[in-house]
Amino acid sequence: MPAWIITVAVVASLLMVMPVVVTAINLHMTVWGLFRHVLASPTLLFVVFGSISYTLVSLIGSTMALRSVNEVTHFTHFTVGHAHHGVYAFFTMIMFGAIYFIVPRLVYREWPSSALIKCHFYMTAGGITIMLLALHIGGWQQGLNLNNANLDFIEVVKRTIPWLHARSVSGVLIAIGHVAFAINFFWMVVARHGREDTEGGPTLLQSDGPAGEGVR
Amino acid sequence: MKSFPVVFCGIFIALALSWSGLIYVSHHQLGGLEPVTEFLDPETGESIKGEQVYPRVPLGQAEQGKQVYISEGCMYCHTQQVRRKGYGSDYERGWGQRQSVPRDYIRQERVLLGTMRTGPDLMNVGDRPISSTREWHHLHLYDPRSVNADSIMPSFSFLYKKQKIGRNGPSANAVQLNPESAPEAGYEIVPTERAEALVSYLLSLSLSYNLPEAPLE
């Protein structure tokens, strides 16, 4: 690849910071001061987690375009962590939030179990957070070690292993969350469980102020 | 939608610009690269005409070995691209005496650059002193842990077969295993054709030739 393409790409990646910051201000200022409502609504929990991830993954991504940063992160688990940050912590979490909003309105039924929703959220959010910390910290360290010619390659490999164990743990947590979601979903859609709600209001995890107003 | 033409034109121009930038211009710049015999004399800076045409391509068994490399997914953990001296530690680690350049790949139908270095880079693996023999590669593929106790590479022992030692003694190509991984007495481990092909391919990987734009350092 001609070197000038890389240079242009670095500039373009940094320009991406601007729309990201604009979007981030919009997203985060919308929920600022409304955290009580966020905690009460499954949809908002997932969507707010996803939008925070969007801001982080975009800013980290722009930074990774810089040559001096890329010298460390390229060829390492950092890149893998970055990919999961975008696809899971941002996109998948937003999609889960959307599903919690859409499906009750399609089937005119509430989600049967708020415990399962909480399990789903805290397992996936905790799991992906552990995975991202492990891959980002472990990957950064791996990159520094790789670039340190005095360190044997096998030593570099050995030092990544604890981080990869943490990643395995995070995968198990995420899987538990998915099972909780699947049970809740099929319970509602196939077994037709859950309170019927012909008005199509939102499922809430706790009472949300007088008459449940606020988050609709 | 009143502004449809404006939006359409905007999207079209954005896509057309990036297409011309990424594909057309780089093809225009690099698409004409040809194999060469010339190389740059590091002292005088003159271009010298040699005999051998570079880059070379894996032929025969080595070419079949490339298919094994692809089907076993070696690319997920091994790259084939060398960073320039001073950027990363590829040069110091002996992964290549120069950086890899576009011309190194022009004769390959499928380029296996890779993105992840769970294992070391393999662009120059056939020329590194430790891994320059068939015996080393067979031993390493059959039982990576016997070469390096901390290796996390999976064993490719399924590319080998166990057989009874014949009347004329062990086969010439039997893998020389350590006592821990050796089969019971009277048996031997021999490479299948796929293992032989893979090793030929690995040994064909070499970056130890000069190019006019990338002399060895």
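Check the entry above for the structure.
These figures come from a predicted structure and were not determined experimentally.

1. A word on the overall build of chain A
(1) Moving on: Helix and strand counts for chain A stand at 8 helices and 0 strands.
(2) Moving on: For chain A, buried positions account for 43% of its 216 residues.
(3) Moving on: Surface accessibility of chain A: about 11000 Å² in total, with carbon and sulfur atoms responsible for 72%.

2. Focus: empty space enclosed by the protein
(1) Moving on: All chains considered together, the criterion is met by 2 cavities of 30 Å³ or more.
(2) Moving on: Contributing to the lining of the largest cavity are Glu 71, Val 72, His 74, Phe 75, Gly 143, Leu 146 and Asn 147 of chain A together with Arg 83, Ser 89, Asp 90, Trp 95 and Arg 117 of chain B.
(3) Moving on: Of all the secondary structure elements, the ones that give two or more residues to the lining of the largest cavity are helix H5 (67–73) and helix H7 (114–146) of chain A.
(4) Moving on: Residues of the lining of the largest cavity, tallied by class, amount to 4 nonpolar, 4 polar and 4 charged.
(5) Moving on: Together, His 77, Ala 134, Leu 135, Gly 138, Gly 139, Thr 160, Trp 163 and Leu 164 of chain A line the second largest cavity.
(6) Moving on: Of all the elements in the fold, those that place two or more residues in the lining of the second largest cavity are H7 and helix H8 (153–189) of chain A.
(7) Moving on: When residues of the lining of the second largest cavity are assigned to their parent elements, the largest contribution, 4 residues, is made by H7 of chain A.
(8) Moving on: Counted by class, the lining of the second largest cavity contains 4 nonpolar, 4 polar and no charged residues.

3. Looking at the interface of chain B and chain A
(1) Moving on: Tallying the contact residues gives 28 residues for chain B and 26 residues for chain A.
(2) Moving on: Taking both partners together, chain B and chain A bury about 2100 Å²; carbon and sulfur atoms supply 63% of that area.
(3) Moving on: The tally of links from chain B across to chain A stands at 1 salt bridge.
(4) Moving on: Close ionic contact of Asp 150 of chain B with Lys 158 of chain A constitutes a salt bridge, the shortest N to O distance being 3.5 Å.
(5) Moving on: Our count for the contact surface shared by chain B and chain A stands at 13 residue pairs in polar contact (both at pLDDT 80 or more).
(6) Moving on: Residues of the side of chain B that touches chain A, tallied by class, amount to 9 nonpolar, 14 polar and 5 charged.

4. Brief notes about the pattern of salt bridges
Any two side chains of opposite charge can pair, on the condition that their charged atoms come close.
(1) Moving on: Enumeration over the complete set of coordinates arrives at 10 salt bridges over all chains.
(2) Moving on: Where Glu 213 of chain B meets Arg 103 of chain B, a salt bridge forms, and the shortest distance between an N and an O atom there is 2.9 Å. Of this pair, Glu 213 of chain B sits in the segment after helix H5 (193–204) while Arg 103 of chain B is found in the loop between helix H2 (61–71) and helix H3 (134–142), placing the two residues 110 residues apart along the sequence.
(3) Moving on: Close ionic contact of Arg 134 of chain B with Glu 196 of chain B constitutes a salt bridge, the shortest N to O distance being 2.9 Å. Remark: Glu 196 of chain B occurs in helix H5 and Arg 134 of chain B occurs in helix H3; sequence separation between them is 62 residues.
(4) Moving on: We classify Glu 196 of chain B as buried; its relative accessible area is 15%.
(5) Moving on: Salt bridges here are not isolated pairs; linked through shared partners, they connect Glu 155, Lys 158 and Arg 159 of chain A together with Asp 150 of chain B.

5. Some thoughts on the environment of Asn 26 of chain A
Residues and elements named next belong to chain A.
(1) Moving on: Looking at the element boundaries, Asn 26 is found in helix H2 (residues 17–31).
(2) Moving on: Asn 26 gets classed as exposed once you look at its relative accessible area, which sits at 55%.
(3) Moving on: When the C-alpha positions of Asn 26 and Ile 130 are compared, they lie 27 Å apart, and in sequence the two are 104 residues distant.

6. A word on the nonpolar core
As a rule of thumb, soluble globular proteins bury nonpolar side chains together.
(1) Moving on: Residues Phe 49, Met 93, Trp 111, Phe 121 and Ile 128 of chain A are the most contacted members of the largest nonpolar core, which totals 24 residues.
(2) Moving on: Going through the elements one at a time, helix H4 (42–64), helix H6 (77–107), H7 and H8 of chain A are the ones with two or more residues in this core.
(3) Moving on: A total of 7 residues in this core trace back to one element, the largest contributor, which is H7 of chain A.
(4) Moving on: Val 68, Tyr 142, Tyr 160 and Tyr 201 of chain B belong to the second-largest nonpolar core, a separate cluster that totals 22 residues.

7. Regarding H8 of chain A
(1) Moving on: When the terminal C-alpha atoms of H8 of chain A are compared, their 52 Å separation across 37 residues agrees well with the 54 Å that a helix rising 1.5 Å per residue should span.
(2) Moving on: Listed as buried for H8 of chain A are Phe 153, Ile 154, Val 156, Val 157, Thr 160, Ser 170, Ile 174, Gly 177, Ala 180, Phe 181, Asn 184 and Met 188 of chain A.

Conventions and cut-offs
Here the residue numbers are simple positions, counted from 1 along each chain's written sequence. All chains are assigned letters beginning at A, and all ligands numbers beginning at 1, according to the order in which they are written. Per-residue local features are limited, in this predicted model, to residues with pLDDT of at least 70; the limit for side-chain atom pairs, both in listing and counting, is 80 or more; totals at the level of whole chains, interfaces and linings are taken over all residues. To get the side-chain values, take all heavy atoms of the structure and skip hydrogens and water. Each helix is a run of H or I in the DSSP string that is no shorter than four residues. Each strand is a run of E no shorter than two, and both are numbered from the N terminus. Three labels apply to residues, based on accessible area from a 1.4 Å probe with only protein chains included: buried if under 20% of the type maximum, exposed if over 50%, partly exposed otherwise in between. Only the protein chains shown count as covering a residue, and every accessible area follows the Shrake-Rupley method with a 1.4 Å probe. Only protein atoms enter the 1 Å grid used here. Points where a 1.4 Å probe fits but cannot escape make up a cavity, open sets with protein on both sides within 12 Å along at least five of seven lines make up a pocket, and a residue lines them when an atom lies within 4 Å of a point. Grid points are joined across faces, edges and corners, and a volume is the space filled by probe spheres set on the points. In this classification, the charged set is Asp, Glu, Lys and Arg, the nonpolar set is Ala, Val, Leu, Ile, Met, Phe, Trp, Tyr, Cys and Pro, and all remaining amino acids, among them Gly, are polar. Contacts were defined at the residue level, with two residues in contact if any of their heavy atoms lie within 4.5 Å. Accessible area that two parts lose when put together, evaluated with a 1.4 Å probe and summed over both, is termed the buried area. Here, a salt bridge means any side-chain nitrogen of Lys or Arg that lies within 4 Å of a carboxyl oxygen of Asp or Glu. Distance and chemistry together define a polar contact, namely a pair of N or O atoms within 3.5 Å, with one atom able to donate a hydrogen and the other to accept it when in protein, and with adjacent residues in sequence counting only for side-chain atoms on both sides. Residues grouped as a nonpolar core are buried Ala, Val, Leu, Ile, Met, Phe, Trp, Tyr and Cys residues, joined through side-chain atoms within 4.5 Å. Residue count minus one, scaled by 1.5 Å, sets the expected span of a helix.

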